[in-house]
Amino acid sequence: MPELPEVETTRRGIAPHITGHTVSKVIVRESRLRWPVPKGLGRNLKGQRINSVERRGKYLLLQTGVGTLILHLGMSGSLRVVPANTPAEKHDHVDIVFENNQCLRLRDPRRFGSIFWTRNDPLQHERLAGLGPEPLDETLNGNYLFAKSRGRRITIKQFIMDSRVVVGVGNIYASESLFRAGIRPQREAGRISKVRYERLSSAIKQVISEAIQAGGTTLRDFTNSDGKPGYFSQQLNVYGRQGEPCYACGQKIQQVTLGQRASYFCPRCQR
Ligand SMILES: [Zn+2]
């Protein structure tokens, strides 16, 4: 599933190719995504210039002078920029074609992605309005997490994976951040000290920025019709390593299920 770093990599990969270009038409081959592709999308976008490509959480925002196209990649979506006459394959559901005969093509085999159109402030759109801070924003810090967690009885792992608390901390990033901060994933969120939350917010920022940096090596794939853009592997300390020795102390990594998600931790390094 594309996580925040993959979505940010996608943004950086497509932005230079579509910013400043004017939409000539929109081709919708399959409108049944997670929500139907808005009717009249082509009418709204035709003749509009893409002023910028922004991101909020896992949503991409293609901003024009009259409105914003909001796009989510769901479970299996990917975007690339290809010549408009490139034959579409089975799961290529939507093309946004530009005046220079390049097109932004959405491929989404499982069709959990979504496209919205708004003429209003996209950050106030119902899908985005309730989102917590960006992990790399300075508003995500130890004080914020400490204050937000008071009285919360859920586990720390589920707490940081809640997009109303902070966006973009998926299952892998939550496990890895908690390892770096030395916190057991099953600890109760409301009973963790401010000092530990400071360590955790730094760890989240490190893990997410390293993933975004790793994604930088794949940027050229966004205009390569063979490549699978936006995915990359990272050195993982605990995720998926149950039974294997901790790189820091040699103890066997353990697995526990929290909120139906597999969670991994080192019983010696994490308390
Ligand atoms: Zn360890």
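Everything that follows concerns the structure shown earlier in this document.
Attention in this report is confined to the structure presented alongside it. (Residues numbered from 1 in each chain as written. Predicted model: local features only at pLDDT ≥ 70, side-chain atom pairs only at ≥ 80, totals over all residues. Heavy atoms only, no water.)

Examining the sheet that holds strand E1 (residues 23-28)
Across the sheet, which stays open at both edges, the four strands sit in the order E1-E6-E7-E5 with antiparallel pairing between neighbours. Only two strands of the sheet have a single neighbouring strand rather than two, namely E1 and strand E5 (78-83). Each neighbouring strand pair of the sheet contributes to a mean axis angle of 20°, computed without reference to strand direction. Sheet contacts for helix H1 (residues 4-18): E5, strand E6 (92-98) and strand E7 (102-107); angle to E5, the most-contacted strand, approximately 25°. (Pairing = 2+ DSSP bridges. Helix = DSSP H or I, 4+ residues; strand = E, 2+ residues; numbered from the N terminus. Axes fitted to C-alpha atoms, helices over the stretch in contact; angles between N-to-C directions. Contact = heavy atoms within 4.5 Å.)

Here's the deal with the packing of H1 against helix H6 (residues 194-215)
Two elements in contact, H1 and H6, have axes whose closest approach is 9 Å; the angle formed by their N-to-C orientations is 40°. The angle between the axes of H1 and H6 places the two elements in the oblique class. Considering the relative orientation of H1 and H6, their crossing is right-handed. Contact with H1, carried on its side by Leu-4, Pro-5, Glu-8, Thr-9 and Arg-12, involves Ile-208, Ala-211, Ile-212 and Gly-215 of H6 and no other residues of that element. Its residues placed into classes, the contact of H1 with H6 shows five nonpolar, two polar and two charged. (Parallel < 35°, antiparallel > 145°, perpendicular 65-115°, else oblique. Left-handed = near helix turned anticlockwise from the far one by under 90°. Nonpolar A, V, L, I, M, F, W, Y, C, P; charged D, E, K, R; others polar.)

Some details on the coordination of the zinc ion
Coordination of the zinc ion by the protein involves Cys-246 (SG), Cys-249 (SG), Cys-266 (SG) and Cys-269 (SG), with metal-donor separations of 2.2 to 2.4 Å. Classification of the site at the zinc ion as tetrahedral follows from its four donor atoms and the range of 98 to 113° in their angles at the metal. Residue class for Cys-266 comes out buried when judged on its relative accessible area of 0%. Judged by its relative accessible area of 27%, Cys-269 is partly exposed. (Donors = N, O, S within 2.8 Å, 3.2 Å for Na, K, Ca; no water. Tetrahedral: all angles 85-135°; square planar, octahedral: opposite > 155°, others 65-115°. Buried < 20%, exposed > 50% of the residue type's maximum accessible area, 1.4 Å probe, protein only.)

Re the pairing of strand E2 (residues 52-56)
Of all five residues in E2, four are buried; the element is thus mostly enclosed. Where E2 lies against strand E3 (residues 59-63), five bridges are found, and the strand directions are antiparallel. Each residue of the ladder has a partner; that of Ser-52, found in E3, is Gln-63.

Observations regarding the packing of helix H5 (residues 171-181) against H6
Put simply, H5 and H6 touch, their axes get as near as 8 Å, and they point 130° apart. The angle between the axes of H5 and H6 places the two elements in the oblique class. Considering how the two elements wind past one another, H5 and H6 form a crossing that is right-handed. Residues Tyr-173, Glu-176, Ser-177, Leu-178, Arg-180 and Ala-181 of H5 lie in contact with H6, whose contacting residues are Arg-199, Leu-200, Ala-203, Ile-204, Gln-206, Val-207, Ile-208, Glu-210 and Ala-211. For the contact of H5 with H6, the residue count by class is nine nonpolar, two polar and four charged.

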